[in-house]
Amino acid sequence: MRILFLGDVVGRPGRRAIARIIRRLTSEAGVEFVVANGENASNGKGLNARGAEELQDAGVDVVTSGNHIWQHRDIIPYMGENARILRPLNFAPDVPGRGWVVRESRRSGVPVAVINLIGRTFMAPADCPFRAVDGILEEVTAQARVVLVDMHGEATSEKVGMGWFLDGRVSAVLGSHTHVQTADEAILPKGTAHLSDAGMCGPERSILGVRPDQVLDRFLHQMPGRFDVADGGPVLVQGAVVDVDVASGKATAIARVRERVEG
């Protein structure tokens, strides 16, 4: 089966662009399961219930997140009602939401597990992602052979390390958070697809999706200020397509996605 993973969706431009891309890739490229990181999908920071609904209406099967997931308070009760919205598994115990889910492909009915992790290097405090995923993997793989992991983290080394840690035990480990797509896609020796960072789905004429003038003002003056999603111009849709053998759960191919969608 073919799975599409989309990097951090940034605001309304990102949401609208991926709706166009998903429709085309599901029909032309045979994609049958879509995962997107919605960490910045609502107003450029966090995810609200309306944004989550829009992503699902666009064809996203599971929405992962990261350190900004609590930005909009309405996402907390929404996550309690909708298992398709994930927060990192290794957040503190007893926080709202879920860190993994299994859903069936709409086309073939194959169960696909998605696990959401967050790194600790240069990030806010969290439990160990390596030990957290190790502790639930047996339960997850009992329900699905196809397993995709979103490793939301700042440090490339930590994300590469997670790929090697889970090599042969999951289908893919794909990184998110930095909004800059890396060029290290590979099938690791035991059959796990890996990409350090999938990039972003957001305005091309921006700094990580934000208006350049606002970011440059912060760099120059170190004063707090508002960050707005950039508007106008094309939108980059970045991510990866992974082919997985459903019998073994091993990845057979991985290719980066980088498309420009005109506004």
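What comes next concerns the included structure. Computed from a predicted structure; not experimentally measured.

The next point concerns the overall build of the protein. The helix and strand inventory of the protein stands at 6 helices and 13 strands. Over its C-alpha atoms the protein spans a radius of gyration of 17 Å, differing by no more than 12% from the 18 Å that the globule rule assigns to 263 residues. Summarising its shape, the C-alpha atoms of the protein cover approximately 50 × 40 × 35 Å along the three principal directions. Looking at the protein residue by residue over its 263 residues, the buried ones come to 56%. Considering only intrachain contacts with a sequence separation of at least 6, the fraction spanning at least 24 residues in the protein is 65%. Carbon and sulfur atoms make up 50% of the accessible area of the protein, which totals about 11500 Å².

Sheet topology places strand β12 (residues 235-244) next to strand β13 (residues 251-261); 10 bridges connect them, and they run antiparallel. Bridge pairing in β13 places Leu236 opposite Arg260. Hairpin connection between β12 and β13: a loop of 6 residues separates the two successive antiparallel strands, and Gly249 in this loop has a positive phi of roughly 80°.

Here we come to the pattern of salt bridges. Tallying each qualifying case throughout the model produces 12 salt bridges. For Glu28, the salt bridge goes to Arg24, with nearest N and O atoms at 3.5 Å. On the criterion of helical spacing, the pair formed by Glu28 and Arg24 is a turn pair, its members being 4 residues apart in helix α1 (residues 11-28). Overall, the relative accessible area of 61% leaves Glu28 in the exposed class. Residue classification places Arg24 among the partly exposed residues on the basis of a relative accessible area of 29%. The salt bridge partner of Arg106 is Asp61, with a shortest N-O separation of 2.9 Å. Placement of Arg106 in the loop between β5 (100-104) and β6 (111-118) and of Asp61 in the loop between α2 (49-58) and β4 (62-64) is noted, with a sequence separation of 45 residues between them.

Tallied over the full model, the rule gives 2 aromatic pairs. Taking the centre distance of 6.0 Å and the plane angle of 40° together, the rings of Trp70 and Phe91 count as tilted. Of the two residues, Trp70 sits in the loop between β4 and α3 (75-81) while Phe91 sits in the loop between α3 and β5, which places them 21 residues apart along the sequence. For Trp70, a relative accessible area of 31% gives the class partly exposed. Taking relative accessible area as the criterion, Phe91 reaches 13% and is therefore assigned buried. Ring centres of Phe130 and Phe165 lie 5.4 Å apart, and the angle between their planes is 85°; this geometry places the pair in the edge-to-face category. In this pair, Phe130 is assigned in helix α4 (residues 129-141) and Phe165 in helix α5 (residues 156-165), connecting sequence segments 35 residues apart. The partly exposed category is assigned to Phe130, whose relative accessible area is 22%. On the basis of relative accessibility, which here comes to 32%, the residue Phe165 falls in the partly exposed class. One residue, Arg169, lies across the ring of Phe165, its end atom 4.9 Å from the ring centre.

Right, let's talk about the packing of α1 against α2 for a bit. Geometry of a packed helix pair, given as the angle between the helix axes and the separation of the axes. In the contact formed by α1 and α2, the axes pass within 9 Å of each other and the chain directions differ by 15°. Considered as vectors, α1 and α2 are oriented roughly parallel to each other. Relative to α2, α1 is oriented so that their crossing is right-handed. Every residue of α2 that contacts α1 at Arg15, Arg16, Ile18, Ala19 and Ile22 is listed here: Gly51, Glu54, Leu55 and Ala58. Across the contact of α1 with α2, the residue classes tally to 5 nonpolar, 1 polar and 3 charged.

On to unusual backbone geometry, then. Positive phi is not limited to glycine here, since His179 has a value of about 70°. Following the sequence through the fold, His179 ends up in the loop between β8 (172-176) and β9 (186-187). One non-glycine residue, Leu208, lies in the positive phi region at around 55°.

By the secondary structure assignment, Glu158 is in helix α5. Here Glu158 occupies a buried position and makes no salt bridge, while the nearest side chain of opposite charge, Arg120, is found at 5.0 Å. Not counting the four nearest positions on each side in its chain, Glu158 is found in contact with Gly119, Arg120, Thr121, Pro129, Phe130 and Met151.

Rules of the game
- Each chain carries its own residue numbering, running from 1 in the direction its sequence is written.
- Residues qualify for local features only when their pLDDT is at least 70, as the model is predicted, and side-chain atom pairs are given and counted only at 80 or more; totals for whole chains, interfaces and linings, by contrast, use all residues.
- Values shown for side chains rest on all heavy atoms present in the structure; no hydrogens or waters enter the calculation.
- Helical segments are the DSSP runs of H or I of at least four residues, strand segments are the runs of E of at least two, and each set is numbered from the N terminus.
- Only C-alpha atoms enter the radius of gyration; for comparison, a globular chain is expected to reach 2.2 Å times N to the power 0.38, where N is the number of residues.
- Partly exposed residues are those whose accessible area sits between 20% and 50% of the maximum for their type, while under 20% is buried and over 50% is exposed, using a 1.4 Å probe and protein chains only.
- Two residues form a contact once any of their heavy atoms are found within 4.5 Å.
- A 1.4 Å probe and the Shrake-Rupley method give the accessible areas. Residues count as covered only by the protein chains that appear here.
- Should DSSP find at least two bridges between two strands, the strands are regarded as paired.
- Each salt bridge in this description consists of a side-chain nitrogen of Lys or Arg and a carboxyl oxygen of Asp or Glu lying within 4 Å of one another.
- Working definition: rings of Phe, Tyr and Trp (its six-membered ring) pair if their centres are within 6.5 Å, and the pair is stacked with planes under 30 degrees apart, edge-to-face with planes over 60 apart, and tilted otherwise.
- Criterion for a charge above a ring: Lys NZ or Arg CZ within 6 Å of the ring centre, and within 35 degrees of the ring normal.
- To define axes, lines are fitted to C-alpha atoms, for helices over the stretch in contact only, and angles between the resulting N-to-C directions are given on a 0 to 180 degree scale.
- Any angle from 65 to 115 degrees is called roughly perpendicular, while one under 35 is roughly parallel, one over 145 is roughly antiparallel, and all others are oblique.
- By definition, turning the near helix anticlockwise from the far helix through less than a right angle yields a left-handed crossing, and turning it clockwise yields a right-handed one.
- Gly is placed with the polar residues, together with every amino acid not listed as nonpolar (Ala, Val, Leu, Ile, Met, Phe, Trp, Tyr, Cys and Pro) or charged (Asp, Glu, Lys and Arg).
- Under this rule, positive means Lys or Arg and negative means Asp or Glu; His and the chain ends count for nothing.

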